[in-house]
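Examination of the molecular architecture
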Amino acid sequence: LQLKELMGEAELRELLDADALLELEAFLQHTEDRGRARTMDGLHDLLLRLGDLNQHELERRCEPGIANTIEELQRARRVIRVSIAGEHRFLPVEYASRYRDALGVPLPAGLPEAFLSASTDALQEVLLRYARTHAPFTTSEVCTRFGLSTRIVDEKLKALTLAGKLVEGAFRPGGTQREWCDAEVLRSLRRKSLARLRKEIEPVEPDVLTRMLGGWQGVTKKRRGLDALLDCVEKLQGLPLPASLLEREVLPARLEQYLPS
């Protein structure tokens with residue numbers, strides 16, 4: 001909050017690295033190779049971490065063929081198929097009552113009573129899981145995902161912010177809307193952004209620096225003409241060089257057919 005007051009919203013967006021944000025989101029959403037499900041049990045664990053997923057979303061997060069084991073998980077009643085925001089999605093049976101109470105999702109018949117007990121604040125739990133598994137997001141993205149009204153989502157997100165569980169602000173580089181973010185996700189994003197900035201200013205090996213300086217000073221490829229001479233003088237200005245050395249060695253090393261005249 002203090003940083004936001006000092007720098008303003010527009011400048012705050014510039015502090016976070018866009019590539020770091022994409023990298024973090026891929027990690028949180030298990031769309032990178034190391035996070036993909038490789039077994040049927042891994043698929044069930046994936047749903048426990050992310051919540052509801054449709055068939056296409058499952059396939060993006062699984063090794064080839066693993067997404068098809070969702071049918072076996074359904075037969076074993078470890079996973080159920082429900083309708084959310086007008087589309088079919090798969091859900092671990094452990095979250096059945098939570099989604100029923102939060103979103104009014106109809107549940108299939110015959111589920112064990114252990115998974116049907118009422119949740120105290122089901123919508124809060126659903127939104128917190130969404131926040132923990134996403135980079136900064138907007139209210140409209142949540143509304144579209146769960147088929148909820150803007151008023152209901154805004155009220156709940158503001159309450160979670162007041163409780164210190166979410167942070168509100170302008171985070172996505174190039175974004176235009178207000179966004180929300182899980183506090184720990186934002187800390188991870190800040191760390192990744194700082195790591196990328198530090199990497200950009202890491203010192204290089206001496207031979208790399210020497211090659212760069214040689215090219216910048218024009219000694220690796222000579223130039224010719226008055227403009228080239230003026231450019232050389234500009235790069236050397238302020239450097240205490242004897243005039244005789246300048247005329248005899250420095251300029252001839254940078255210019256073809258250099259003439260003192």
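Just so it is clear, the model here is predicted, and its values are computed rather than measured.

Helices and strands together make up the secondary structure of the protein, namely 13 helices and four strands. For the protein, whose C-alpha radius of gyration is 29 Å, the value lies well above the compact-globule estimate of 18 Å for 261 residues. For the protein, the C-alpha atoms occupy an extent of roughly 100 × 45 × 25 Å along the three principal directions. Long-range pairs, those at least 24 residues apart, make up 57% of the contacts in the protein with a sequence separation of at least 6. Of the roughly 15500 Å² of accessible surface on the protein, 54% is carried by carbon and sulfur atoms. Across the protein, the centroid of the 39 positively charged side chains sits 1 Å from that of the 41 negatively charged ones.

Here we come to the pattern of salt bridges. Summed over the entire model, instances satisfying the criterion amount to 24 salt bridges. Linking K192 and E23 is a salt bridge whose minimum nitrogen-to-oxygen distance equals 3.0 Å. Residue K192 is located in helix α10 (residues 183-200), and its partner E23 is located in helix α2 (residues 18-29); the two are separated by 169 residues in the primary sequence. Residue classification places K192 among the partly exposed residues on the basis of a relative accessible area of 26%.

Let us look at the packing of helix α8 (residues 139-146) against helix α9 (residues 150-162). Where α8 meets α9, the axes come as close as 9 Å, and the angle between the chain directions of the two elements is 120 degrees. Classed by the angle they form, the pair α8 and α9 counts as oblique. You can see that α8 and α9 cross each other, and the crossing is right-handed. Note on element contacts: α9 touches α8 through T150, V153, D154 and L157, opposite T139, V142 and C143. When grouped by side-chain class, the residues that make up the contact of α8 with α9 number four nonpolar, two polar and one charged.

Moving on: the confidence of the model for the protein. Per-residue pLDDT for the protein has a mean of 89; in total, 94% of the residues score no lower than 70. Within the model, pLDDT remains below 50 along residues 1-10, and this stretch shows 11 contacts once partners closer than five positions in the same chain are excluded.

Moving on, we come to a nonpolar patch on the surface. Residues V204, V208, L209, M212, L213 and W216 make up a contiguous nonpolar surface patch of about 530 Å² in total accessible area. Here W216 shows up in helix α11 (residues 206-217).

Among the structural elements, Q217 can be located in helix α11. Setting aside anything within four residues of it in sequence, one finds Q217 in contact with K235, L236 and R254.

Right, let's get into the pairing of strand β2 (residues 87-92). Moving residue by residue along a regular strand, the side chains alternate between the two faces of the sheet. Alignment of strand β1 (residues 79-84) against β2, held across six bridges, turns out to be antiparallel. Bridged to I80 within β2 is L91. Hairpin geometry of β1 and β2 is characterised by an intervening segment of two residues between the two adjacent antiparallel strands and by a positive phi of about 55 degrees at A85.

Counting residues in each nonpolar core, the largest one holds 29 residues, and the members touching the most others are Y99, L103 and F146. Element by element, the count of residues in this core is highest for helix α7 (residues 122-132), at seven residues. Residue contacts for L103: discarding those within four places in its chain leaves I84, L123, F146 and L148.

Now for α9. Residues separated by three or four positions in an α-helix point in the same direction, a consequence of the helix having 3.6 residues per turn. The end-to-end C-alpha distance of α9, which contains 13 residues, comes to 18 Å, matching closely the 18 Å that a straight helix rising 1.5 Å per residue would cover. If you check which residues of α9 are buried, you get V153, L157 and L160. Each buried residue of α9 lies within a common arc of 60 degrees when the element is viewed along its axis, so the set occupies one face. Those residues of α9 that are exposed and aimed more than 90 degrees away from the buried face are R151 and L162. Positive phi appears at G164, one or two residues downstream of α9, with a value of about 85 degrees.

For the structure on display, the rule yields two aromatic pairs. Centre to centre, the rings of Y130 and F137 are 5.1 Å apart; their planes meet at 90 degrees, and the pair counts as edge-to-face. Geometrically, the ring pair formed by Y130 and F146 is edge-to-face, given 5.8 Å between the ring centres and 70 degrees between the ring planes. Here Y130, found in helix α7, pairs with F146, found in helix α8; they are 16 residues apart in sequence, far enough to count as distant. By relative accessible area, Y130 is classed as buried at 10%.

What follows concerns the packing of α7 against α9. For the pair α7 and α9, the least separation of the axes is 11 Å and the interaxial angle reads 75 degrees. By the angle between their directions, the pair α7 and α9 is classed as roughly perpendicular. Contacts between α7 and α9 pair L123, Q124, L127 and L128 from the former with I152, K156, L157 and L160 from the latter. When the residues that make up the contact of α7 with α9 are grouped by side-chain class, the tally is six nonpolar, one polar and one charged.

Conventions we followed
In every chain, residue numbers begin from 1 and rise along the written sequence. A pLDDT threshold of at least 70 governs which residues receive local features in this predicted model, and a stricter bar of 80 or more applies before side-chain atom pairs are shown or counted, although totals over entire chains, interfaces and linings include all residues. Calculated side-chain values reflect all of the structure's heavy atoms, with hydrogen atoms and water omitted. Helix numbering and strand numbering both begin at the N terminus, where a helix is a DSSP run of H or I of at least 4 residues and a strand a DSSP run of E of at least 2. The quantity called the radius of gyration is restricted to C-alpha atoms. Its globule counterpart is 2.2 Å times the number of residues to the power 0.38. Residue contacts are counted whenever heavy atoms from the two residues lie within 4.5 Å of one another. Only the protein chains shown count as cover for residues, and the accessible areas themselves come from Shrake-Rupley with a 1.4 Å probe. Only four residue types enter the tally: Lys and Arg on the positive side, Asp and Glu on the negative side; His and the chain ends are excluded. Each charge is placed at NZ for Lys, CZ for Arg, CG for Asp and CD for Glu. The salt bridge definition used is simple: a Lys or Arg side-chain nitrogen within 4 Å of an Asp or Glu carboxyl oxygen. The rule is simple: take the accessible area with a 1.4 Å probe, protein chains only, and divide by the maximum for that residue type; under 20% is buried, over 50% is exposed, in between is partly exposed. Here an angle of 0 to 180 degrees is reported between the N-to-C directions of two axes, which are lines fitted to C-alpha atoms, with helices fitted over the stretch in contact. Orientation categories follow fixed angle ranges, with anything under 35 degrees roughly parallel, anything over 145 roughly antiparallel, 65 to 115 roughly perpendicular, and all other angles oblique. Take the far helix as your reference; a near helix turned counterclockwise from it by less than a right angle gives a left-handed crossing, and one turned clockwise gives a right-handed crossing. Residues are sorted three ways: Asp, Glu, Lys and Arg are charged, Ala, Val, Leu, Ile, Met, Phe, Trp, Tyr, Cys and Pro are nonpolar, and all the rest, Gly among them, are polar. Think of pLDDT as the predictor's per-residue confidence, scored from 0 to 100. Candidates for patches are residues over 30% relative accessible area with no salt bridge; among them, like charges are joined within 9 Å and nonpolar side chains (Val, Leu, Ile, Met, Phe, Trp, Tyr) within 5 Å. By the convention used here, strands pair only if DSSP detects at least 2 bridges between them. To qualify as a nonpolar core, a set must consist of buried Ala, Val, Leu, Ile, Met, Phe, Trp, Tyr and Cys residues joined through side-chain atoms within 4.5 Å. Here a helix's expected span is defined as the number of its residues, less one, multiplied by 1.5 Å. Throughout, the arc means that of the directions going from the helix axis to the C-beta atoms. Only centres within 6.5 Å qualify two rings of Phe, Tyr or Trp (six-membered ring in Trp) as a pair; their planes then separate them into stacked at under 30 degrees, edge-to-face at over 60, and tilted for everything else.

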